[in-house]
Amino acid sequence: MKKINLGISGCMGRMGQQLIRSSKNNKNFKLTVLTENRLVKKKINGISPELNSENAFKKADVIIDFTVPRCTIEILKIASKLKKKVVIGTTGFNRTQENLIKKYSKKIPILKAGNMSLGVNLLMYLTEIASKSLNDQYLSKIFEIHHKHKKDYPSGTALMLGKGIADGKNKSLYNLMGKKYLNKKSFPYGKKINFNSIRKGEIIGEHEVKFSSGKEIITLNHEAFDRALYSDGALTASKWLIKKRPGLYSMRDLLNFS
């Protein structure tokens with residue numbers, strides 16, 4: 001099988017570095033392009049990182065992007081011109097940016113996921129089933145912990161889980177979004193979905209969904225302890241996306257959850 005030419009944006013970031021390590025051990029890929037939003041004056045794996053540009057991404061079949069929303073939109077603009085496929089692991093998009101992603105997905109295949117882990121995507125699926133099965137007497141809330149370097153909150157994964165609750169009720173997450181707390185020891189349930197985010201240490205990721213009727217509590221949770229979980233998932237997504245037509249896909253499509 002011909003190797004897939006891989007481009008990694010944000011190559012100096014935590015996930016960029018992890019993707020480089022994982023791609024070296026994956027026989028399906030040949031790492032051909034590295035980009036960063038600033039000049040990097042050293043070679044990585046024999047590759048000189050470049051700024052995001054049409055010229056930089058010409059050699060890539062698929063681009064994996066774990067950066068920031070502004071940078072992701074810039075990459076999608078370039079990728080749509082070059083007809084390149086893009087896997088997005090970036091989080092923290094606003095509604096305007098989400099609409100731009102949908103617009104670009106009409107031209108190129110895009111797989112976007114707030115979390116690339118199989119376990120987390122299974123958790124989202126189970127969250128949707130629980131939300132659909134429980135009546136309106138059950139209130140919900142979402143708790144998450146990440147390392148102190150993570151800037152956005154709630155995390156993309158927490159928002160994915162919130163979407164799972166909303167989808168289970170056939171409602172929009174934007175309409176069900178409750179309060180967003182940061183570093184609270186405790187926080188309340190609500191008729192809308194409340195979120196609490198803890199930022200401390202070097203924790204890779206913990207997520208918890210709770211449903212309460214006042215008489216019982218149902219808890220669903222997931223803990224990640226190796227960052228390779230996400231890079232391996234992103235590479236699996238990249239291989240899957242190669243054969244897809246333009247459209248906006250998720251890990252749920254890849255995993256074929258009904």
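The rules behind these values
Residues numbered from 1 in each chain as written. Predicted model: local features only at pLDDT ≥ 70, side-chain atom pairs only at ≥ 80, totals over all residues. Heavy atoms only, no water. Pairing = 2+ DSSP bridges. Helix = DSSP H or I, 4+ residues; strand = E, 2+ residues; numbered from the N terminus. Axes fitted to C-alpha atoms, helices over the stretch in contact; angles between N-to-C directions. Contact = heavy atoms within 4.5 Å. 1 Å grid on protein atoms, 1.4 Å probe; cavity = no way out; pocket = protein on both sides within 12 Å on 5 of 7 lines; lining within 4 Å. Points joined across faces, edges and corners; volume = space filled by probe spheres on them. Nonpolar A, V, L, I, M, F, W, Y, C, P; charged D, E, K, R; others polar. Disulfide = S-S within 2.5 Å. Patch = residues over 30% accessible without salt bridge, like charges linked within 9 Å, V, L, I, M, F, W, Y side chains within 5 Å. Areas by Shrake-Rupley, 256 points an atom, 1.4 Å probe, with all protein chains shown as cover. Salt bridge = Lys/Arg side-chain N within 4 Å of Asp/Glu carboxyl O. Buried < 20%, exposed > 50% of the residue type's maximum accessible area, 1.4 Å probe, protein only. Core = buried A, V, L, I, M, F, W, Y, C linked by side-chain atoms within 4.5 Å. Left-handed = near helix turned anticlockwise from the far one by under 90°.

Draft legend 1. Structural context of the pairing of strand S9 (residues 205-212). Of the strand pairs in this sheet, strand S6 (residues 139-146) and S9 are connected by seven bridges, and their pairing is antiparallel. Each bridged residue has a counterpart across the sheet, and for Leu 139 the counterpart in S9 is Ser 212. Bridging between S9 and strand S10 (residues 217-224) involves eight bridges; their strand directions are antiparallel. The residue bridging Ser 212 from the neighbouring strand is Ile 217, located in S10. Counting the residues in the hairpin turn of S9 and S10 gives four residues, including Gly 214, whose phi is positive at 90°.

Draft legend 2. Structural detail: the sheet that holds strand S3 (residues 62-65). Reading across the sheet, the six strands line up as S2-S1-S3-S4-S5-S11 and stay open at both edges, with parallel pairing between neighbours. Across the chains shown, the open sheet's two edge strands, defined by having one partner strand only, are strand S2 (29-35) and strand S11 (247-249). Shown here is a sheet whose adjacent strand axes are inclined to one another by a mean of 20°, direction ignored. Across four bridges, the pairing between strand S1 (residues 4-9) and S3 is parallel. Residue pairing for S3: Leu 6 is matched across the bridge by Val 62. Lying over the sheet, helix H8 (residues 228-241) contacts S1, S2, S3, strand S4 (85-88), strand S5 (109-112) and S11, oriented at roughly 155° with respect to S4.

Draft legend 3. Geometry of empty space enclosed by the protein. Considering all chains together, one arrives at one cavity of 30 Å³ or more under this definition. For the largest cavity, the calculated volume is near 30 Å³. If you trace the largest cavity, you find it lined by Asn 121, Met 124, Tyr 125, Arg 252 and Phe 257. With three residues, the single largest contributor to the lining of the largest cavity is helix H5 (residues 118-133). When its residues are assigned to classes, the lining of the largest cavity shows three nonpolar, one polar and one charged.

Draft legend 4. Up close: the state of the cysteines. Here the structure, examined in full by the defined rule, presents zero disulfides. Not engaged in a disulfide, the cysteine Cys 71 finds its nearest cysteine sulfur in Cys 11; these two sulfurs lie 11 Å apart.

Draft legend 5. Representation of a nonpolar patch on the surface in the model. On the surface, a nonpolar cluster with roughly 220 Å² of combined accessible area is contributed by Leu 122, Leu 126 and Ile 129. Take Ile 129: it is sitting in helix H5. Overall, Ile 129 belongs to the partly exposed group, its relative accessible area being 37%.

Draft legend 6. How the structure looks around the nonpolar core. Of all hydrophobic cores here, the largest spans 29 residues; its most connected members are Leu 6, Leu 34, Ile 64, Val 87, Leu 111 and Met 116. Contributing elements (two or more residues each) for this core: S1, helix H1 (14-24), S2, S3, H8 and helix H9 (251-255). Here this core gets five residues from one element, more than from any other, and that element is H8. For Leu 34, the contacting residues outside a window of four places in its chain are Ile 8, Cys 11, Ile 20, Ile 44, Ile 47, Ser 48, Pro 49 and Glu 50. If you look at the next biggest cluster of nonpolar residues, it comprises 19 residues, including Val 120, Met 124, Leu 161 and Leu 176.

Draft legend 7. A look at the side chain of Ser 117. In this fold, Ser 117 is placed in the loop between S5 and H5. Beyond its immediate stretch of four places on either side in the chain, Ser 117 contacts His 222, Leu 229 and Tyr 230.

Draft legend 8. Geometry of the packing of H1 against H8. Closest axis-to-axis distance for the H1/H8 pair is 9 Å, and the angle between their directions is 65°. As H1 runs across H8, the sense of the crossing is right-handed. Counted together, Met 15, Gln 18, Leu 19, Ser 22 and Ser 23 of H1 and Ala 228, Tyr 230, Ser 231, Asp 232, Ala 234 and Leu 235 of H8 form the full contact between these two elements. Here the contact of H1 with H8 is built from residues that sort into six nonpolar, four polar and one charged.

Any functional reading would require information beyond the geometric quantities listed.
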